[in-house]
Amino acid sequence: MGGLARLEYRGYDSAGLAVVTSDRDRVGMRKKAGKLVNLEKELAGRPLEPATAAIGHTRWATHGAPTDANAHPHLAAHGRLAIIHNGIIENFSALRAELQSEGVEFLSETDTEVAGHLLAREVDRGESLADAMRIITRRLEGAFTLLAVDASEPRTVVGARRNSPLVIGLGEGENFLGSDVVAFIEHTRTALELHQDEVVEITPEGVTITDIAGHTVEREPYHVDWDATAAQKGGFPTFMEKEIHDQPTAVADTLRGRIDEHGRLQLDGGMIHENVLNSIDKIIVVACGTAAYAGLVGRNAIEHWCRIPVEVELAHEFRYRDPVVGVKTLVVAISQSGETMDTIMAVRHAQQQGAPVIAIVNSQGSTIAREADAVLYTRAGPEIAVASTKAFLAQITAMFLLGIYLAELRGNKFPDEIESLLDQLEEIPAKIQRVLDASEPVRALARTMADERTVLFLGRHVGYPVAMEGALKLKELAYIHAEGFPAGELKHGPIALIEEGQPVFIVLPSPRGRESLHSKVISNVQEVRARGARTFVIAEEGDTEAANHAEQVFYVPAAPVLMTPLLSVVPLQLFALELATAKGYDVDQPRNLAKSVTVE
Ligand code: M6R
């Protein structure tokens, strides 16, 4: 149950467990709709016998509502075999019809149950569980991680993966499988990757990996560079609050030891030849949600420092619009989890067009990290809360590192300029800490706003992605309608939304930046205020003008303009956290969401 609790952030609309006990005819199973606590209550009332092998699942519904019946595991072979699944089996209708024509009865609406019955059919024909898994995965289309146990093979768990994550944990006298290393980090920090279309069989004594045809695969384990304490709340009431407070460390760790004595960026894996990077004429960033906003901040920096055009594309739109991508396009995929299916598919599309791909990823050994040509890990540590916070800051930092590296490589900046940029970045963690230390006013404001129905966020230049991120956090956590607009767009339509009392947050550019931009956004503040809006401004310390136009100003330390998002977003994260808490919502597991969106 500990492993399931640590994985609950990936999906929490139902949960279940199947165990192999001394009974060779039936596995024991409990499953319940709702959060894991419901399953815990069920188990307390109806405990399961001690197990020799077990599988457990927390679900984010795709096929079938989140009910007890649709919760995983699903049984087959008259209760002897149990299966769990992440992903979507796209050809499940045809397979279900085939099985029904053979007299198989289905107990759920899920695509998963199809895989269970296919597996049972092969085992009944005399195949081992692992062979059966290899056979059925050849017939399945779509994305899946499947794990199965069979009471007649009491010390074995078999898994398979295609396009969905599965990691192996190597313990002593025990081995583990999980969608993420957090599932078993308490037991072991030695992990093995499972690649596309591979099948794994674990027993307490060993692990066997094969490809789908049954050829044995040898793989070197890797050491997970964080421990179980990093995946705990560390004294904070929620993971989200802890992760917001982890941000100075996340940025500092992402920066640490990156640039060698020749000014070259140290990537964490793979390699793109310098000649290739010198010849690129365009960069396309592919990412979703918060990661895409990090891409937008990075775009401004890379274009400014390197004079290379940068586009930021939502990964799910990328391959469907026939983008112009080729060998001279550097594609940068940003993803906390490294398992976002939309981003994986964008990476594959880019590679098919011949583009080199750099991944900016937080999860070691994840699919995007593995498939990209080179990796720059954000060292934010495990991010458990569904709403991304520290990963965002670490992603922006990694984009800056990439920009600095390209600027140096391509001769856009002199070594002393590079050094000065790095020095400025190194000052950021302490400044984030100052924002955190001074957070009470924004939290107090949030506690007064639990009844708001809509909140608007305005920003310009690098403040625009910050505005969108502030709005996304509020939607995700507090279920309040929120929109982030470029401040310049206001009078082209959104200003019609302003009425008496409408709260508007404005991310004010630094007065030390382009003077005209600061004064233009000040004008925007005045325009909404004149129409009755309540204005709350995030401004740089020392900006004396800001207070004249705002009901309240939240000051952040001064920083180079391009780096300001690393500071200005923090009050907005805290605002959303506190407002959702005031409304009594679960900030770590907001409704309808899952941490990693591993389906398209
Ligand atoms: O794991 P990824 O960074 O690829 O996830 C991308 C988005 O799904 C993610 O940032 C999402 O928008 C978060 N819930 C935002 O808080």
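Residues numbered from 1 in each chain as written. Predicted model: local features only at pLDDT ≥ 70, side-chain atom pairs only at ≥ 80, totals over all residues. Heavy atoms only, no water.

Engineer: Describe the pattern of salt bridges, listing the residues and the values that go with them.
Structural biologist: Enumeration over the complete set of coordinates arrives at 35 salt bridges. Across the pair Lys-242 and Asp-246 runs a salt bridge whose closest N-O atoms are separated by 3.3 Å. Residues Arg-379 and Asp-268 are paired through a salt bridge, measuring 3.8 Å at the closest nitrogen-oxygen approach. Of this pair, Arg-379 sits in the loop between strand E19 (374–377) and helix H13 (390–409) while Asp-268 sits in the loop between helix H7 (247–255) and strand E14 (269–270), and the two are 111 residues apart along the sequence. (Salt bridge = Lys/Arg side-chain N within 4 Å of Asp/Glu carboxyl O. Helix = DSSP H or I, 4+ residues; strand = E, 2+ residues; numbered from the N terminus.)

Engineer: A description of the site of the ligand should follow, citing residues and the corresponding values.
Structural biologist: Around the ligand sit 14 residues, and of these Ser-335, Gln-336, Ser-337, Thr-340 and Glu-476 come closest. One nitrogen or oxygen atom from the side chain of Ser-337 is found 2.7 Å from an oxygen atom belonging to the ligand. A distance of 3.3 Å separates a nitrogen atom of the ligand from a polar atom in the backbone of Val-386. Going through the elements one at a time, helix H9 (289–306) and helix H17 (463–478) are the ones with two or more residues in the shell around the ligand. Grouping the constituent residues of the shell around the ligand by class yields five nonpolar, seven polar and two charged. A domain-level breakdown of the shell around the ligand finds at least three residues from each of domain 2 (233–426) and domain 3 (437–582). (Near = heavy atom within 4 Å. Polar contact = N/O pair within 3.5 Å; in protein donor to acceptor, adjacent residues only side chain to side chain. Nonpolar A, V, L, I, M, F, W, Y, C, P; charged D, E, K, R; others polar. Domains from an automatic or database assignment.)

Engineer: Which residues make up the sheet that holds strand E21 (residues 481–486), and what are the values?
Structural biologist: Spatially, five strands are ordered E21-E20-E22-E23-E24 in an open sheet, and the strand pairing comes out parallel. The open sheet has two edge strands, E21 and strand E24 (552–556), and neither has a second partner. Looking at each pair of strands side by side, their axes are set apart by 20 degrees on average, direction ignored. Set on the sheet, H17 makes contact with strand E20 (454–459), E21 and strand E22 (503–507); between it and E21 the angle comes to about 175 degrees. (Pairing = 2+ DSSP bridges. Axes fitted to C-alpha atoms, helices over the stretch in contact; angles between N-to-C directions. Contact = heavy atoms within 4.5 Å.)

Engineer: Mind laying out the packing of H13 against helix H14 (residues 415–426), listing which residues take part and the relevant values?
Structural biologist: Relative to each other, H13 and H14 sit at 170 degrees, their axes nearing to 10 Å. Here H13 is positioned roughly antiparallel relative to H14, judged by the angle of their axes. Within the contact between the two elements, H13 uses Phe-400, Leu-401, Ile-404, Ala-407 and Glu-408 and H14 uses Ile-418, Leu-421, Leu-422 and Leu-425. Here the contact of H13 with H14 is built from residues that sort into eight nonpolar, no polar and one charged. (Parallel < 35°, antiparallel > 145°, perpendicular 65-115°, else oblique.)

Engineer: Please give an account of the sheet that holds strand E8 (residues 167–170) that cites residues and values.
Structural biologist: Strand pairing in a sheet takes place through backbone hydrogen bonds and is either antiparallel or parallel in direction. Reading across the sheet, the four strands line up as E9-E8-E10-E13 and stay open at both edges, with antiparallel pairing between neighbours. Every other strand in the sheet has two partners, leaving strand E9 (175–178) and strand E13 (222–223) as the edge strands with one partner each.

Engineer: Tell me about the pairing of E9, and please be specific about residues and values.
Structural biologist: The two faces of the sheet receive side chains in turn, since in a regular strand these alternate between them. What you see with E9 is no split at all: Asn-175 and Leu-177 on one side and Phe-176 and Gly-178 on the other are buried throughout. Inspection of the sheet shows E8 paired to E9 by four bridges, in the antiparallel sense. Bridged to Gly-169 within E9 is Phe-176. Hairpin connection from E8 to E9: four residues lie between these consecutive antiparallel strands, with Gly-173 at a positive phi of about 70 degrees. (Buried < 20%, exposed > 50% of the residue type's maximum accessible area, 1.4 Å probe, protein only.)

Engineer: Break down H9 for me, with residues and values.
Structural biologist: For H9, spanning 18 residues, the distance from its first C-alpha to its last is 25 Å, which sits close to the expected 26 Å at 1.5 Å a residue. Within H9, 14 of the 18 residues are buried, which leaves it mostly tucked inside the rest of the structure. Note on H9: the residue one or two positions beyond its end, Arg-307, has a positive phi of about 55 degrees. (Expected span 1.5 Å × (residues − 1).)

Engineer: Explain the side chain of Thr-397 to me, and be specific about the residues and the numbers.
Structural biologist: Tracing the chain through its elements places Thr-397 in helix H13. With a relative accessible area of 0%, Thr-397 lands in the buried category. Setting aside its immediate chain neighbours within four residues, Thr-397 contacts Val-251, Thr-254, Leu-255 and Leu-566.

Engineer: Provide a residue-level description of the packing of H7 against H13, including the pertinent values.
Structural biologist: It is at 9 Å that the axes of H7 and H13 come closest, and there the two elements cross at 25 degrees. Taken together, the axes of H7 and H13 are roughly parallel relative to one another. Handedness of the crossing formed by H7 with H13: right-handed. Here Gln-247, Ala-250, Val-251, Thr-254 and Leu-255 of H7 come into contact with H13, specifically with Lys-390, Leu-393, Ala-394, Thr-397, Ala-398 and Leu-401. For the contact of H7 with H13, the class distribution of residues is seven nonpolar, three polar and one charged. (Left-handed = near helix turned anticlockwise from the far one by under 90°.)

Engineer: So, the environment of Thr-62: which residues are in play, and what are the values?
Structural biologist: Here Thr-62 shows up in the loop between strand E3 (53–59) and strand E4 (74–76). Not counting residues within four places of it along the chain, the set of residues in contact with Thr-62 comprises Gly-87, Ile-88 and Val-599.

Engineer: Hey, could you go over the nonpolar core for me, with residue numbers and the actual values?
Structural biologist: One recurring pattern in soluble globular proteins is that nonpolar side chains are buried together. Formed by 108 residues in total, the largest nonpolar core has its most connected members in Ile-283, Trp-305 and Leu-474. By residue number, the principal contributor to this core is H13, which donates 13 residues. With residues up to four places along the chain from it excluded, the contact list for Leu-474 reads Val-455, Phe-457, Tyr-479, Ile-480, Ala-482, Phe-575, Ala-576 and Leu-579. Membership of the second largest hydrophobic core comes to 27 residues, among which are Ala-77, Leu-81, Ile-136 and Ala-148. (Core = buried A, V, L, I, M, F, W, Y, C linked by side-chain atoms within 4.5 Å.)

Engineer: Explain a negative patch on the surface residue by residue, including any values.
Structural biologist: A cluster of acidic side chains, namely Asp-416, Glu-417, Glu-419, Asp-423 and Glu-426, defines a negative patch on the protein surface. With respect to the helices, strands and loops of the structure, Glu-419 is situated in helix H14. (Patch = residues over 30% accessible without salt bridge, like charges linked within 9 Å, V, L, I, M, F, W, Y side chains within 5 Å. Areas by Shrake-Rupley, 256 points an atom, 1.4 Å probe, with all protein chains shown as cover. Lys, Arg positive; Asp, Glu negative; His and termini not counted. Charge placed at Lys NZ, Arg CZ, Asp CG, Glu CD.)

Engineer: If you had to explain unusual backbone geometry to someone new, which residues and values would you point to?
Structural biologist: Note the cis peptide between His-72 and Pro-73, where omega equals 5 degrees. Relative to the helices and strands, Pro-73 is located in the loop between E3 and E4. Residue Asp-322 is not a glycine yet carries a positive backbone phi of 55 degrees. Tracing the backbone through its elements, the reader meets Asp-322 in the loop between helix H10 (315–318) and strand E17 (329–335). Here His-461, not a glycine, exhibits a phi torsion of approximately 55 degrees, which is positive. The topology assignment puts His-461 in the loop between E20 and H17.

Engineer: Any details on the domain arrangement of the protein chain? Residues and values, ideally.
Structural biologist: Each assigned domain of the protein chain is listed with its residue range as follows: domain 1 (2–229), domain 2 (233–426) and domain 3 (437–582). For domain 1 versus domain 3, the separation of C-alpha centres amounts to 45 Å.

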